[in-house]
Amino acid sequence: MALEIIELCTNCWACQPLCPSQAIFEAKPHFLIDANKCTECAGDFEDPQCATICPIEGAILNEDGEPLNPPGSLTGIPTQKLAA
Amino acid sequence: MQLPVINNEVSEANSGGCSAGSCGSTDDQMNHLPEHIRQKVFNHPCYSEEAHHYFARMHVAVAPACNIQCNYCNRKYDCANESRPGVVSELHHPVQAVKKVLAVAATIPQMTVLGIAGPGDPLANPERTFETFRMLSEQAPDIKLCVSTNGLSLPEQVEELSKYNIDHVTITINCVDPDVGAQIYPWIFWKNKRIKGREAAEILIAQQQKGLEMLVAKGILVKVNSVMIPGVNDKHLEEVSKIVKAKGAFLHNVMPLISEAEHGTFYGLTGQRGPTNEELQALQDACEGDMNMMRHCRQCRADAVGLLGEDRGAEFTMDKVEEMEINYPEAMKMRAEVHAAINEELESKRLAKESKVQLVSIQGVQKKEVTRPVLMAVATKGGGVINEHFGHASEFLIYEASSEGVRFIGHRKTTPYCEGGDTCGDGESALDKTLRVLAGCEAVLCSKVGYEPWGPLEAAGIQPNGEHAMEAIEDAILKVYEEMRVGGRLEVKAVVQQKVA
C-alpha cells in the first residue's frame with residue numbers, strides 16, 4: 001500500500017516535511033514517494049498528508065492509480081473549463 | 001550616522017527601483033506617517049515613490065510551499081497576484097539565496113531591502129524562510145528584511161519573526177467576513193486536514209487578525225495587502241480597512257485583481273473580472289479617510305532584481321552568482337557611503353518640500369466645493385519632475401488637483417506610444433490603449449508631445465501639455481489647474497468622463 005507522485009508535481013515541497021514515514025524525497029524531474037516506506041499515513045493521520053496539502057489536482061495517485069484529488073476538486077474550476 | 005557626500009554622481013547614476021508584490025506608495029503618504037515609522041521606511045523603495053528612484057529591493061524564491069488556495073492563484077505558476085503570473089522563479093535553497101543576495105547587494109549598493117514573498121507562503125516554509133533570515137541578519141546587517149504572508153500560520157511564527165532584522169510584515173487580508181472569504185479561498189491546510197468552504201475562511205480570518213494583533217504588540221510594522229475583486233469583496237474592503245487600521249496596521253495596499261483566462265486561475269477561467277482604474281481609485285479614496293493608503297504598488301515580479309525600469313535578474317542567475325567572489329564586509333563600507341549620500345539628497349528634498357507643504361498638502365481635509373477636482377496625468381522618469389516624452393512613457397502618474405491642492409492618486413501602465421507600432425494586430429493600437437488608461441484625466445503633462453497623438457488626446461477630452469518640462473510635478477499641476485480656473489473650466493459640474501467599454 002503506497003501512494004505515487006506523478007509528473008504533474010510542481011516541486012513545491014509542501015508534502016515532503018509532512019510525511020510521517022519520511023517516504024517523500026526530492027528527485028528530478030519531480031518529488032517521488034518511496035513505495036517501501038509509504039504507509040498512506042495509516043496509524044498516524046486520518047488523511048494521507050501529502051495528498052491533503054498537495055495543491056495540484058491529479059498529482060498524487062492511490063494504489064489503483066486513481067487521483068486522490070481529481071480534476072476540479074481543489075480549485076473548483078468546472079471540468080469543461082479545465083479541458084478548454 | 002551621517003557620512004559626508006563623497007559621490008555626487010550617485011543621484012544621477014541610479015534611477016531607482018522596485019520589484020515586488022508587496023510594494024506601493026508615495027512620498028505623499030510617507031510624510032503623513034508618524035515620524036518613528038517614517039524613519040523606519042523612508043529608504044524602502046516600495047513605500048515611497050521618491051525612494052523608489054534611489055533604492056532597490058529584491059526577492060528570493062526560497063518558499064515554494066503554500067498552505068491555502070486562493071481563487072486568483074494558479075499553483076502551477078507563481079502566485080498571480082503577488083508576482084507577475086506565468087513566470088516561475090528559480091527556486092533557491094537558503095544558502096544559495098544568501099549568496100545571491102550578497103552578490104546583488106555588493107554589485108547594486110542601492111539595494112536596501114530583501115523580501116521573501118513566495119512563490120508559496122513564506123511562513124508555510126518556516127525552516128527555509130528563517131534560515132535565510134538568520135544568515136542574512138548575521139552576514140548582512142545593513143539589509144532590511146521583509147516578509148509577506150497569507151497569515152494562516154502567522155500567530156505561531158511571530159516570536160521567531162521578532163528575532164531578525166525584520167522591520168515589517170505584509171499580511172494579505174482580503175476579508176473579515178467568512179461568507180466573503182468562502183468565495184475567495186476554496187481550502188486551507190489546517191491541523192493535518194484540508195478544510196473547505198466557510199469553515200476554512202473562518203479559521204484563516206481568525207489567524208490573520210490574531211497575527212496582526214500579535215505583531216503590533218511586538219512593535220513590528222504591519223502592512224495589509226488586499227486584492228480587490230469586484231462583486232466579491234470590493235464593498236467589503238472598506239470595512240477591512242477600518243478594522244486593520246484600528247488594530248494598528250500602518251498602511252493598506254489595495255491591489256487590483258489580475259485574472260486573465262490564460263493564467264488558468266479559478267477567477268480567470270470563470271470570467272471574474274478585475275476592477276477598472278476608476279473603480280480601484282474610488283475604493284482607495286473611500287478607504288483613505290480611515291487609513292494610510294498605498295497608491296504606488298506596481299505589483300512587480302517577485303524575483304526581479306535592480307532599479308526602477310530595469311530587471312538585472314539575468315546577471316544574477318545561480319550559476320553566475322556561484323562564480324562571484326564577494327567580500328561583503330568591504331562591500332558594506334561602500335554601501336554605507338552610497339546610502340548616506342542618497343539619504344542626504346532625499347532629506348534636503350524633503351525639507352524643501354516641507355516648506356511648500358501648506359500649498360500642496362490636503363491630506364485628511366474635507367473637500368470644500370469651491371472648484372471641482374480635476375485628474376491630470378504626468379509622464380516622468382522620476383525625481384519629482386516632468387521629464388518624460390509622451391510617446392516614451394510606459395506609465396503615467398495620476399494626480400488630482402482641487403481647490404485644496406494636489407494629491408497623488410496612483411499610476412497607470414500603458415504601452416509606450418512610440419514603440420507600439422500603428423496597430424498591434426487586431427488588438428487596440430498603443431495610442432488607443434493610452435487613451436483608455438488615461439480615461440477620466442483632463443490633461444496630460446509631459447516633457448514633449450508629438451503632433452500625431454495631439455488630436456486624438458484632445459478629442460478624448462485630455463489636454464496635451466508640454467509646457468512644463470523639467471518643472472516640479474505639483475507646481476506644474478497647480479499652474480495648469482489655475483489656468484483652467486481662469487479659463488472658466490472649473491465650475492462645479494459633472495466632470496466629462498469618457499466612458500470606456
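Conventions adopted
Residues numbered from 1 in each chain as written. Chains lettered and ligands numbered in written order. Predicted model: local features only at pLDDT ≥ 70, side-chain atom pairs only at ≥ 80, totals over all residues. Heavy atoms only, no water. Helix = DSSP H or I, 4+ residues; strand = E, 2+ residues; numbered from the N terminus. Buried < 20%, exposed > 50% of the residue type's maximum accessible area, 1.4 Å probe, protein only. Areas by Shrake-Rupley, 256 points an atom, 1.4 Å probe, with all protein chains shown as cover. Pairing = 2+ DSSP bridges. Contact = heavy atoms within 4.5 Å. Axes fitted to C-alpha atoms, helices over the stretch in contact; angles between N-to-C directions. pLDDT = per-residue confidence, 0-100. Buried area = accessible area lost by both parts, 1.4 Å probe. Polar contact = N/O pair within 3.5 Å; in protein donor to acceptor, adjacent residues only side chain to side chain. Left-handed = near helix turned anticlockwise from the far one by under 90°. Nonpolar A, V, L, I, M, F, W, Y, C, P; charged D, E, K, R; others polar. Right-handed = clockwise from strand over helix to strand, strands pointing away. Salt bridge = Lys/Arg side-chain N within 4 Å of Asp/Glu carboxyl O. Expected span 1.5 Å × (residues − 1). Arc of directions from axis to C-beta. Core = buried A, V, L, I, M, F, W, Y, C linked by side-chain atoms within 4.5 Å. Phe/Tyr/Trp six-rings, centres within 6.5 Å; stacked < 30°, edge-to-face > 60°. Lys NZ or Arg CZ within 6 Å of the ring centre and 35° of its normal.

Caption draft 1: Structural context of the overall build of chain A. Assigned secondary structure in chain A consists of 2 helices and 4 strands. Sequence-ordered secondary structure for chain A, helices as α and strands as β, is β-β-β-α-β-α. Per-residue burial over chain A gives 46% buried out of 84 residues. Summing over all exposed atoms, chain A offers an accessible surface of approximately 4400 Å²; the carbon and sulfur share of this is 52%.

Caption draft 2: Focus on the sheet that holds strand β7 (residues 193–196) of chain B. All names here are of chain B. A sheet is described by the order of its strands in space; here 3 strands give the open sequence β2-β6-β7, paired in antiparallel fashion. Edge positions in the sheet fall to β2 (68–69) and β7, since each of these pairs with one other strand and no more. Against the sheet, helix α8 (residues 197–218) contacts β2, β6 (187–190) and β7, and its axis sits at roughly 105° relative to β7.

Caption draft 3: View of the confidence of the model for chain A. The pLDDT averaged across chain A works out to 93; a share of 98% of its residues lies at or above 70. Taken element by element, chain A is modelled with least confidence in helix α2 (residues 79–83) of chain A, mean pLDDT 77, and with most confidence in helix α1 (residues 49–53) of chain A, mean pLDDT 98.

Caption draft 4: Spatial organisation of the interface of chain B and chain A. Each partner contributes to the interface: chain B provides 22 residues, whereas chain A provides 25 residues. Roughly 1900 Å² is buried in total at the junction of chain B and chain A, and carbon and sulfur atoms are behind 59% of that figure. Here chain B and chain A share 9 residue pairs in polar contact (both at pLDDT 80 or more) between them. The set of elements that each furnish at least two residues to the side of chain B that touches chain A consists of β6, β7 and α10 (266–269) of chain B.

Caption draft 5: Just the packing of helix α9 (residues 236–246) of chain B against helix α11 (residues 277–288) of chain B, in detail. Residue and element names in this part refer to chain B. Running from N to C, α9 and α11 cross one another at 35°; their axes reach a closest spacing of 9 Å. Considering only the axes of α9 and α11, their crossing is right-handed. In this structure, α9 contributes L237, E238 and S241 to the contact, and α11 contributes L283, A286 and C287. Classifying every residue of the contact of α9 with α11 by side-chain character gives 4 nonpolar, 1 polar and 1 charged.

Caption draft 6: Structural view of the pairing of strand β8 (residues 221–228) of chain B. Residues and elements named next belong to chain B. For β8, the buried fraction is high: 8 of the 8 residues fall into the buried class. Judged by which residues are buried, β8 turns out to be covered on both faces: L221, K223, N225 and V227 on one side and V222, V224, S226 and M228 on the other are all buried. Two elements, strand β5 (residues 166–172) and β8, share 5 bridges in a ladder whose sense is parallel. Along β8, the bridge assignment pairs T172 with N225. By the bridge criterion, 6 bridges tie β8 to strand β9 (residues 251–256) in an arrangement that is parallel. For M228, the partnering residue across the bridge sits in β9 and is P256. In the classification by handedness, the crossover that spans β8, the intervening α9 and the parallel β9 is right-handed.

Caption draft 7: Representation of the pattern of salt bridges within the structure. Residue and element names in this part refer to chain B. Counted by the stated rule, this structure contains 20 salt bridges over all chains. Here E138 makes a salt bridge to R134, at a shortest N to O gap of 3.9 Å. Of this pair, E138 and R134 both sit in helix α5 (residues 126–139), 4 residues apart, which is roughly one turn of the helix. Of the residues examined, R134 reaches a relative accessible area of 35% and is grouped as partly exposed.

Caption draft 8: Fine view of the pairing of strand β11 (residues 374–378) of chain B. Residue and element names in this part refer to chain B. Across the 5 residues that make up β11, a large majority, 5, are buried. Pairing geometry for β11 and strand β12 (residues 395–402), over 5 bridges, is antiparallel. Bridge pairing links L375 to E400 in β12.

Caption draft 9: Molecular detail of the sheet that holds strand β15 (residues 463–465) of chain B. Residues and elements named next belong to chain B. The mixed open sheet is built from 5 strands, whose spatial order is β13-β12-β11-β14-β15. Looking at the sheet topology across the chains shown, the edges are occupied by β13 (405–413) and β15. For this sheet, the mean angle separating the axes of adjacent strands, direction not counted, is 25°. Where β12 lies against β13, 8 bridges are found, and the strand directions are antiparallel. The partner of E395 across the bridge, within β13, is K413. Of the strands in this sheet, β11 and β13 are in contact with α11, which crosses β13 at around 140°.

Caption draft 10: Seen up close, helix α17 (residues 473–486) of chain B. Residue and element names in this part refer to chain B. Taking 1.5 Å per residue, 14 residues should reach 20 Å; α17 reaches 20 Å between its end C-alpha atoms and fits that length. All buried positions along α17 are accounted for by I473, E474, A476, I477, V480, Y481 and M484. Seen end-on, α17 carries its buried residues on one side only, within an arc spanning 160°. Taken from the residues just after α17, G488 is the one with a positive phi, measuring 75°.

Caption draft 11: Main features of the side chain of B:T149. Residue and element names in this part refer to chain B. Examined against the element boundaries, T149 turns out to sit in strand β4 (residues 144–149). When its relative accessible area of 3% is taken as the criterion, T149 is described as buried. In terms of polar contacts, T149 uses its side chain to reach the backbone amide nitrogen of G151, at 2.9 Å. Ignoring any residue separated from it by four or fewer positions in sequence, one finds T149 in contact with D121, L123, L154, V169, T170, I171 and T172.

Caption draft 12: Geometry of the nonpolar core. Residues B:L114, B:F133, B:I143, B:L161 and B:L215 are the most contacted members of the largest nonpolar core, which totals 55 residues. Per element, the largest residue contribution to this core is 8 residues, and it comes from helix α4 (residues 94–107) of chain B. Filtering out sequence-adjacent residues up to four positions away, B:L215 remains in contact with B:L154, B:V158, B:L161, B:V169, B:I171, B:I220 and B:V222. A:C9, A:C12, A:C50 and A:I60 belong to the second-largest nonpolar core, a separate cluster that totals 25 residues.

Caption draft 13: How the structure looks around the packing of aromatic side chains. The full count for this structure, using the stated rule, is 6 aromatic pairs over all chains. Here the aromatic cluster, defined as three or more aromatic residues joined through ring pairs, consists of B:F130, B:F133 and B:Y164. Positioned over the ring face of A:W13 is B:R128, at 4.5 Å from the centre of the ring. The aromatic ring of B:W187 is capped on one face by B:R194, whose charged end is 4.4 Å from the ring centroid.

Caption draft 14: Representation of the environment of B:K413 within the structure. Residue and element names in this part refer to chain B. Here K413 shows up in strand β13. Judged by relative accessible area, K413 falls into the partly exposed class, the value being 39%. As for K413 and F396, which are separated by 17 residues in sequence, their C-alpha atoms are 6.4 Å apart.

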